Amino acid sequence: MDIAREDLSLFLNACAAATAQREFYSSEEEQRVSLTFLHEYICGNYRTLYARTLAAGINHHNQAEVIFQLLSTGKACPPDFRATENQLITAALRQLPSQRAWKLLQRLQRSRVNNRRTRKVIEGFIQSRNDLPFDAVKYRHKVKASMQHAHMKSTGEVSRFLFEGLKKPFETPLLEQYRTAHYSKEALYDLPYSIAEGFAAKHGVSRKDFLKRIEGKLTERERLRVQNSSEGKIQLNPEKLSLTELCSYVLGLSLQERRSRGEELMSFLTRATRATLRRAGRLPLPEHKVAAILDNSYSSSGSSMKQNRPLAVAMSADFLLGASCSQYRAFWTHPVGNPLLNHPKGQTYLAERLLDALEWGAQTVLVVSDACENDVPDAFEQTYQAYRRMGGKASIIHLSPVFDAETYQVKPLLKDLPALGIRAGEDLATTLAFARFSARETTLLELETYLQSRVDALIGQLERQP
């Protein structure tokens, strides 16, 4: 039973941080193979618990992977659990971002996962869409593949749009605008930005004129993405953006630009921090001195696929802790005066910062690091063990934004201090709430009870939907 609890805890931690993308110390292929193995192992040995992880706050990449594994191995589902598993799959699929959900359905089609339950799930998802014409325009090939795969009958204008081409006019405005945009550059401004962008290039519209006229159609993430190409002229609403995304954006700017736009960028980050805490609630930390040891060594630059992501996670955690804790102090591995000028550099030495935090009197210490300590190797472990032998009682929690493909887990700093996976600063409250399960202080029954409470909440949301 203890093995089951440890396996599940390890899996949940991995699913909080891993996205099968290249990391600083491992390739995309290594990440993908290790993560796939973990999914197949947990699905094969603990299927009912595996399905319940859909409700446990794992990241979207792993939610999609869990759904794929469950639908691919439907025969292994216990008959008395099938109804619950179907509800979990349906609810989780509807909560995925649109692009991830359609990508998953296309993957099911390409992998030829075409059992009756899969077709039913796809059909239910398509029927639940509030604006299917919009999806048909934005994700045309994926929607078409999904409808074909589910053997859905071709009726209505969306089906005609997908399967019969654009020769005849449509009554649905968006579909007609898409058809017209092939011939008229004026019509492209009524389309979603990502679709209109292709038509703008086709009609030879300059980037400056295109962004000026399409601005009203941009989502907040698209506004963030085009900030540089619009020279900052596109308005941004930081309350609607993820704090970690904003941190990544700031870290991607040159130091000179960060200095010149310092007041504006700090305002963005402060407003995003407040909005995150309003949505997620107060962090589950006691009212005493809280310190964070934040890794801004060179490896926090991430990889070409996740540029600066580990540092952005540490930076967002710093903002959230600073706004949430009455007594808080940050200890960066390489101290920074202005948080906007933070950047990856040098070696990782955590032991010295741990001593600084304990000397300050911290009673809770959060360490945000990939655990690749190299200056001096294992110094953190020796310091930690010495502190414990001396009777030190401070709570020390390790958070890591990096999945270690070689060991199939979020790499810990030492054996006695299990690491908690974290994908984004916004997940900090959920991750800290899960800390007691990783600390080996709970039983499998307590973990199952925790998961069941999350399952009930997720299925409850599904049942309340019209």
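Residues numbered from 1 in each chain as written. Predicted model: local features only at pLDDT ≥ 70, side-chain atom pairs only at ≥ 80, totals over all residues. Heavy atoms only, no water.

Considerations on the overall build of the chain
- Secondary structure summary: the chain contains 23 helices and 7 strands in total.
- Relative to the 2.2 N^0.38 estimate, which gives 23 Å for 466 residues, the radius of gyration of the chain is 24 Å and therefore close to what a compact globule would have.
- Dimensions of the chain, computed from the C-alpha atoms along their principal axes, are close to 80 × 60 × 40 Å.
- The 466 residues of the chain split such that 53% are buried.
- Counting every atom, the chain has about 22,000 Å² of accessible surface; 48% of that belongs to carbon and sulfur.
- Taking the average location of the 63 positive side-chain charges in the chain and that of its 52 negative ones, the two points are 7 Å from each other. (Helix = DSSP H or I, 4+ residues; strand = E, 2+ residues; numbered from the N terminus. Rg over C-alpha atoms; globule rule 2.2 N^0.38 Å. Buried < 20%, exposed > 50% of the residue type's maximum accessible area, 1.4 Å probe, protein only. Areas by Shrake-Rupley, 256 points an atom, 1.4 Å probe, with all protein chains shown as cover. Lys, Arg positive; Asp, Glu negative; His and termini not counted. Charge placed at Lys NZ, Arg CZ, Asp CG, Glu CD.)

Points about the packing of helix α17 (residues 262–280) against helix α18 (residues 309–324)
- Running from N to C, α17 and α18 point in directions that differ by 65 degrees, and their axes come no closer than 10 Å. Classified by the angle their axes make, α17 and α18 are roughly perpendicular. Crossing hand, α17 versus α18: right-handed. Between α17 and α18, the contacting residues are M266, L269, T273, T276 and L277 on the first element and M315, F319, L320, A323 and S324 on the second. (Axes fitted to C-alpha atoms, helices over the stretch in contact; angles between N-to-C directions. Parallel < 35°, antiparallel > 145°, perpendicular 65-115°, else oblique. Left-handed = near helix turned anticlockwise from the far one by under 90°. Contact = heavy atoms within 4.5 Å.)

Comments concerning the packing of helix α5 (residues 82–95) against helix α23 (residues 444–464)
- The interhelical angle for the contact between α5 and α23, taken along N-to-C directions, is 70 degrees, at an axis separation of 9 Å. Between α5 and α23, the interaxial angle falls into the category roughly perpendicular. Contacts from T84, Q87, L88, T90, A91, R94 and Q95 in α5 reach V455, L458, I459, Q461, L462 and E463 in α23.
- Here the residues of the contact of α5 with α23 sort into 6 nonpolar, 5 polar and 2 charged. (Nonpolar A, V, L, I, M, F, W, Y, C, P; charged D, E, K, R; others polar.)

Considerations on the packing of aromatic side chains
- Counted by the stated rule, this structure contains 13 aromatic pairs.
- Aromatic pair F37 and Y408: ring centres 5.1 Å apart, planes at 50 degrees, arrangement tilted. Remark: Y408 occurs in the loop between β5 (403–404) and β6 (409–410) and F37 occurs in helix α2 (residues 28–45); sequence separation between them is 371 residues.
- For F37, a relative accessible area of 42% puts it in the partly exposed group.
- Ring centres of Y41 and Y46 lie 6.4 Å apart, and the angle between their planes is 80 degrees; this geometry places the pair in the edge-to-face category.
- Ring-pair connections join several aromatic residues into one group, and the members of that group are F37, Y41, Y46 and Y408.
- Above the ring of F68, the side-chain terminus of R107 is found at 3.6 Å from the ring centroid.
- Directly above the aromatic system of Y189 lies the positively charged group of R213, at a separation of 4.1 Å from the ring centroid. (Phe/Tyr/Trp six-rings, centres within 6.5 Å; stacked < 30°, edge-to-face > 60°. Lys NZ or Arg CZ within 6 Å of the ring centre and 35° of its normal.)

Concerning the pattern of salt bridges
- A full pass over the atoms with the stated rule returns 17 salt bridges.
- We note a salt bridge from E65 to R107, for which the minimum N-O separation is 2.9 Å. With E65 in helix α4 (residues 60–72) and R107 in helix α6 (residues 98–110), the pair connects residues that are 42 residues apart, well separated along the chain.
- Its salt-bridge partner being R160, residue E157 comes within 3.3 Å of it at the nearest N-O pair. Taken as a pair, E157 and R160 lie in helix α10 (residues 156–163) at a separation of 3 residues, close to a single helical turn. Taken as a pair, E157 and R160 share a single burial class, namely buried. (Salt bridge = Lys/Arg side-chain N within 4 Å of Asp/Glu carboxyl O.)

Considerations on the sheet that holds strand β3 (residues 364–368)
- Here we have 5 strands laid out as an open sheet, ordered β2-β1-β3-β4-β7, and parallel in their pairing. The sheet terminates laterally at β2 (328–332) and β7 (419–421), the two strands that pair on one side only. The sheet shows a mean angle of 25 degrees between the axes of neighbouring strands, taken without regard to direction.
- Taken together, the 5 bridges between strand β1 (residues 290–294) and β3 define a ladder with parallel strand orientation. Across the sheet, residue L294 finds its bridge partner in β3, namely V368.
- Docked against the sheet, helix α19 (residues 351–360) engages β1, β2, β3 and β4 (395–400), running at close to 160 degrees with respect to β2. (Pairing = 2+ DSSP bridges.)

Considerations on the pairing of β1
- β1 sits mainly inside the fold: 5 of its 5 residues count as buried.
- Burial along β1 is two-sided: the face carrying V290, A292 and L294 and the face carrying A291 and I293 are both buried.
- Both β1 and β2 contribute to a ladder of 5 bridges, which runs parallel. Paired with A292 across the bridge in β2 is A330.
- Handedness of the crossover joining β1 and β2 through α18 is recorded here as right-handed. (Right-handed = clockwise from strand over helix to strand, strands pointing away.)

Things to note about a nonpolar patch on the surface
- A cluster of nonpolar side chains, namely F24, Y25 and Y298, defines an oily patch on the protein surface of about 340 Å² accessible area.
- Tracing the backbone shows F24 in the loop between α1 (2–17) and α2.
- By relative accessible area, F24 is classed as partly exposed at 33%. (Patch = residues over 30% accessible without salt bridge, like charges linked within 9 Å, V, L, I, M, F, W, Y side chains within 5 Å.)

Topic: unusual backbone geometry
- A positive phi angle, close to 65 degrees, is found at N308, a residue other than glycine.
- Of note, N308 is situated in the loop between β1 and α18.
- With a relative accessible area of 12%, N308 lands in the buried category.
- Phi is positive for D378, which is not a glycine, with a value near 70 degrees.
- Looking at where D378 falls in the secondary structure, it is placed in the loop between β3 and α20 (379–389).

Focus on α23
- An ideal rise of 1.5 Å per residue puts 30 Å on 21 residues; α23 measures up with 30 Å between its terminal C-alpha atoms.
- Here α23 has its buried residues at L444, L447, Y450, L451, V455, L458, I459, G460 and L462. (Expected span 1.5 Å × (residues − 1).)

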